[in-house]
Amino acid sequence: MTKIQRQMAMVMDLNKCIGCQTCTVACKTLWTSDPGMEAMLFNTVNTQPGAGTPRGWESLGGGFPGGAAALGAMPTTTGFGEAWRFNHGEVFHGGQGQKTHLQVQGKAPEWGPNWDEDQGGGEFPNSFFFYLPRICNHCTHPACVEACPRQAIVKRPEDGVVVIDETRCRGHRHCMEACPYKKIYFNHASKVSQKCIFCYPRLEQGVAPACARQCPGRVRFVGYRDDPDAPIWKLVDKWKVALPLHPEFGTEPNVFYVPPVGPARFDAAGNVDESRPRIPDAYLISLFGPRVLDALAVLKAERAKVQQGERSELMDLLIGYRWKEMFGGFDRDPQTLDWGPQQTLNATQSQEHTP
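Note that residues are indexed from 1 along each chain, following the sequence as it is written. pLDDT decides what is reported in this predicted model: residues at 70 or higher carry local features, side-chain atom pairs at 80 or more are listed and counted, and totals for whole chains, interfaces and linings draw on all residues regardless. The basis for every side-chain value is the complete set of non-hydrogen atoms in the structure, without hydrogens or water.

As recorded in an unreviewed UniProt entry, the protein chain goes by Selenate reductase subunit beta and comes from Denitratisoma oestradiolicum.

Spelled out as structure tokens, the structure:
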């Protein structure tokens, strides 16, 4: 594997995500507008607990469980959720707006990217859910790279972003089987695999990825993994409150999450029981590993400091008072740049880094 000089990373604070899907729309409009990409969502935001997208992805296998490579199941188009057609013309332009409503045309769908949105888990009055945004993790040990027989998937040496050279891809889709996070799609029109590219044309111009810059909740932090002056290193290494999703998959993700501090439970009498979290510890451990309990303890302790009138570097960092400080120097305004043809490559062209 190519030696990586530096590694780009992202941290998402799950305590701030409101599930608005602005990140999803920002990514979709920028990268997936060509034929064969209608159903692709390089960025997704699903409700947890939930089956997610593709359906049941957490149990489809792949990665390096126990340190050994293991191919998983092939995600299906229906598992991701197809791009359905609706009767827009009839409702909006046919004069039937008061008599009919939007309906899927053709076969009724059985699943979609947000099919179980806001359902969550638990039982009333202790029901709970939270939102989980996901992109390609641009792993340090990416299973997709090792699985590709064509060497069409590589990590860019300058920033560690995992990209697909579509001129080399032959659509074998071993990458889709190998990725335990199931964040690679197959374009049935162009017969190649496609995925999130961490908006590297923007990075090369000092601009943060679209999903991060467009987020109204300031959920996402961006920067080099080893930059001690940027928020990524502080959240992951200094405060140790940002954790990888499913570390047991063994791919060493470079997308990290600040776990949700859920509300307290109600007891049988309807009183708040501060000693028992509504989001079960066991569920959070299943997502982020046992270190999540230490991370939650730190978060609660720092919150308590602020409530007592003290200052907390961690809380100031997570609140994100100044958005430019969240992006590790990738804070240039894209409207001020001269986006030449090399920087406006569509994702359906080669995702390989172009010199």
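Next comes the rest of the account.
(A) Spotlight on unusual backbone geometry. Cis peptide bonds are those with omega within 30 degrees of zero, and the linkage from Gln 48 to Pro 49 qualifies with -5°. In this description a helix means any DSSP run of H or I spanning at least four residues, a strand means any run of E spanning at least two, and both kinds are numbered starting from the N terminus. Tracing the sequence through the fold places Pro 49 in the loop between β2 (44–48) and α2 (77–80). Cis geometry is found at the peptide bond from Thr 53 to Pro 54, where omega equals -5°. Tracing the backbone shows Pro 54 in the loop between β2 and α2. Located in the positive-phi region is Gln 21, a residue other than glycine, with phi close to 70°. Residue placement: Gln 21 occurs in the loop between β1 (8–13) and α1 (22–31).

(B) Spotlight on the sheet that holds strand β12 (residues 255–258). Paired strands are those between which DSSP finds at least two bridges. Read from one edge of the open sheet, 4 strands run β10-β1-β12-β11, paired in mixed fashion. The open sheet has two edge strands with one neighbour each: β10 (220–224) and β11 (243–244).

(C) Local environment of the environment of Ile 232. Within the element layout of this structure, Ile 232 appears in helix α8 (residues 231–238). With near-sequence residues (within four places) excluded, Ile 232 lies in contact with Ala 9, Met 10, Val 11, Phe 221, Val 222, Gly 223, Tyr 224, Arg 225 and Asp 237. We call two residues contacting when some pair of their heavy atoms lies within 4.5 Å.

(D) Just the side chain of Thr 251, in detail. Residue placement: Thr 251 occurs in the loop between β11 and β12. Burial classes follow relative accessibility: with a 1.4 Å probe on protein chains only, a residue under 20% of its type's maximum area counts as buried, one over 50% as exposed, and anything between as partly exposed. Residue class for Thr 251 comes out buried when judged on its relative accessible area of 1%. Every residue in contact with Thr 251, bar those within four places of it in the chain, is listed here: Gly 63, Phe 64, Cys 139, Thr 140, His 141, Pro 142, Ala 143, Pro 180 and Tyr 181.

(E) Representation of the pattern of salt bridges. Basic side-chain nitrogens of Lys or Arg form a salt bridge, by our definition, when they fall within 4 Å of a carboxyl oxygen of Asp or Glu. Across all of its chains, the model carries 9 salt bridges by this definition. Note that Asp 316 is salt-bridged to Arg 311, the shortest N-O span being 2.5 Å. For Asp 316, a relative accessible area of 24% corresponds to the partly exposed category. When its relative accessible area of 65% is taken as the criterion, Arg 311 is described as exposed. Linking Glu 325 and Arg 322 is a salt bridge whose minimum nitrogen-to-oxygen distance equals 2.8 Å. A cluster of three or more residues bridged by salt bridges with shared partners is formed by Arg 156, Glu 158, Asp 159 and Glu 204.

(F) Broad picture of the packing of aromatic side chains. Here is the rule: rings of Phe, Tyr and Trp (six-membered ring for Trp) pair when centre to centre is within 6.5 Å. Planes less than 30 degrees apart are stacked, more than 60 are edge-to-face, and the remainder are tilted. By the definition in use, this model includes 12 aromatic pairs. Taken together, a centroid distance of 6.1 Å and an interplanar angle of 25° make the contact between Trp 111 and Trp 115 stacked. Of the aromatic side chains, those joined through ring pairs into one cluster are Phe 42, Phe 80 and Tyr 185. For a Lys NZ or an Arg CZ to count as sitting over a ring, it must be within 6 Å of the ring centre and within 35 degrees of the ring normal. Arg 6 extends its terminal NZ or CZ atom over the ring of Tyr 224, reaching a point 3.9 Å from the ring centre. One cation-aromatic arrangement involves Arg 173 over Phe 186; the distance from NZ or CZ to the ring centre is 4.0 Å.

(G) Local environment of the nonpolar core. What makes a nonpolar core is a set of buried Ala, Val, Leu, Ile, Met, Phe, Trp, Tyr and Cys residues whose side-chain atoms join them at distances within 4.5 Å. Core analysis: the biggest nonpolar cluster contains 87 residues, and Met 10, Val 11, Leu 235, Phe 288 and Leu 299 have the highest contact counts within it. When residues in this core are grouped by element, the largest group, 5 residues, is from β1. Sequence-distant contacts of Met 10, that is, excluding residues within four places in its chain, are made with Ile 135, Phe 198, Pro 209, Cys 211, Ala 212, Arg 220, Phe 221, Val 222, Ile 232, Asn 254, Val 255 and Phe 256.

(H) Structural view of the pairing of strand β8 (residues 184–187). Across the two faces of β8 the burial is the same, with Ile 184 and Phe 186 and Tyr 185 and Asn 187 all buried. Direction of pairing for β8 relative to strand β9 (residues 192–195): antiparallel, over a ladder of 4 bridges. Residue pairing across strands places Ile 184 opposite Lys 195, the latter belonging to β9.

(I) Seen up close, the side chain of Glu 302. By secondary structure assignment, the location of Glu 302 is in helix α10 (residues 291–307). Looking at Glu 302, the relative accessible area reads 8%, which means it is buried.

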